[in-house]
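Residues per chain are reported as follows:
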Amino acid sequence: MSELNKIALKILSNGKGILAADESTGTMTKRLENVNVPSSSENRLLFRETLFSSESMKNCIGGVILYDETIKQTANSNKTIPELISSSSAVPGIKVDTGAKILAGSPEEKITEGLDGLRERLKEYYQLGARFTKWRGVYSISNKYPSKLSIQSNAHALARYSALVQECGMVPIVEPEVLMDGKHSAEDCFNKTSEVIKKCFDELMLHNIDLTGIILKPNMILAGASSNKKISSEEVAKLTLKCLKENVPTDVPGIAFLSGGQAEIEATENLNFINKHNDTKFIMTYSYGRALQQSALKFWSKNIKDIEGTQKIFNHRAKMCTLAAQGKWSAELETK
Ligand code: 13P
């Protein structure tokens, strides 16, 4: 078993999942302003530290994705943030892309940037304690999109990023996110996501990536957010599993879904059905941002000093997601 494979399994095994707390300062500012909290670096740290020192860090959260600002911050306990995360035996990770920019040649689409100088930045993050990384490619669905150009160029960037990350001894999360925005059907989402994931693996293999040492972070197969043809969790699970079985090489140890704008319970229920029906060898778990943090953030915004109360809400959400990652969740457990 390679070192990279061991790190991936440590993050994902036993129903554990990933807390995506890597919102850029711009995104975090929007999230905080939405709940009327000023977005100072102290407030961003306070909320995140509250989550990172909660009980569920031991039993539910296998890895935390950080943002550049947070990985360099020090917690109240005087531990650095990576030390705080490691002390509960979770693995610190870091978002290393520098964001999605307009794709020259197809200006309605995006290409993710951040390759220049990446080798040097990775060395610094490794020294700060990171053992895995994230890079997100983003694709929207419409009649014309995603174009071949966006599918090809984002796959190429994801593969070049992955090669540099593995060279530096860390596990790359490969995140091709086909967005929920739009009126498209689940079938469109299935077709486009299949094409996107297939191209990602073509490029990863071309760049000699050790597939046993990556984590795939895809979207689930859903109808568009404005579609009037929503599908059941059972159907989400069937289509998602079909897409992954057809396009992900079996060497990949695990798949950690993004929530992508799904409500907390919706994202939990869909993951639960995926695991109930999982007839693959892939671990199927969560790497949620909004679907893990939303209700904790809402509570905290009104009770900024109530660390315990905030942690209680976060612990519940993380526990529900971890049950779903084992196919053991049920709606009744939400109210217990
Ligand atoms: P969401 O779960 O809120 O989609 O965030 C996950 C993530 O890391 C997006 O890049």
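Residue positions are given per chain, counted from 1 along the sequence in the order it is written. Residue-level local features of this predicted model are given only where pLDDT is at least 70; pairs of side-chain atoms are given and counted only at 80 or more, and the full residue set underlies all totals for whole chains, interfaces and linings. Each side-chain value is worked out from all heavy atoms of the structure, with water and hydrogens disregarded.

**Some points on the packing of aromatic side chains**
Operational definition: Aromatic rings from Phe, Tyr and Trp, with only the six-membered ring used for Trp, were paired whenever their centres fell within 6.5 Å, and each pair was classed as stacked if the ring planes differed by under 30 degrees, edge-to-face if by over 60, and tilted otherwise. Working definition: with a 1.4 Å probe on protein chains only, accessible area under 20% of the residue-type maximum means buried, over 50% means exposed, and in between means partly exposed. Should the NZ of a Lys or the CZ of an Arg lie within 6 Å of a ring centre and within 35 degrees of the ring normal, that charge is described as sitting over the ring.
What the rule picks out here adds up to three aromatic pairs. On the basis of an interplanar angle of 40 degrees and a centroid distance of 5.7 Å, the ring pair of Y286 and Y288 is categorised as tilted. The burial state of Y286 is the same as that of Y288; both residues are buried. The lysine or arginine in question, R131, covers the ring of Y126, its NZ or CZ lying 3.6 Å from the ring centre.

**Focus on helix α1 (residues 3–12)**
Helical geometry note: an α-helix holds 3.6 residues per turn, so side chains three or four residues apart project in the same direction. Operational definition: Strands are runs of DSSP state E lasting at least two residues, helices are runs of H or I lasting at least four, and both sets are numbered from the N terminus onward. The arc in question is traced by the directions running from the helix axis to the C-beta atoms.
Among all positions in α1, only L4, N5, I7, A8, I11 and L12 are buried. When α1 is viewed along its axis, its buried side chains cluster within an angular range of 160 degrees and face the same direction.

**Observations regarding the environment of S140**
Our working definition: Contacts between residues were defined by any pair of non-hydrogen atoms, one from each residue, lying within 4.5 Å.
For S140, the location among the structural elements is in the loop between β6 (132–139) and α8 (148–167). We classify S140 as partly exposed; its relative accessible area is 29%. What S140 contacts, discounting residues up to four positions off in sequence, is Y145, P146 and L179.

**With respect to the site of the ligand**
Filter applied, for reference: Throughout, near means a residue has at least one heavy atom within 4 Å of the molecule or strand. Here a polar contact is recorded for every N or O atom pair within 3.5 Å, except that within protein the pair must consist of a potential hydrogen donor and a potential acceptor, and residues adjacent in sequence are included only if both atoms are side-chain atoms. Using a 1.4 Å probe, accessible areas were evaluated by the Shrake-Rupley method; residue-level cover was limited to the displayed protein chains. In this classification, the charged set is Asp, Glu, Lys and Arg, the nonpolar set is Ala, Val, Leu, Ile, Met, Phe, Trp, Tyr, Cys and Pro, and all remaining amino acids, among them Gly, are polar.
Neighbouring the ligand are 13 residues, the closest being K134, K217, S259, G260 and R290. The side chain of K134 places a nitrogen or oxygen atom 2.5 Å from an oxygen atom of the ligand. Within the backbone of G289, a nitrogen or oxygen atom sits 2.8 Å from an oxygen atom of the ligand. In isolation the ligand has 300 Å² of accessible area, and contact with the protein removes 91% of it. Among the elements of the structure, β6 and β10 (283–288) are those that each provide at least two residues to the shell around the ligand. Residue composition of the shell around the ligand, by class: three nonpolar, four polar and six charged.

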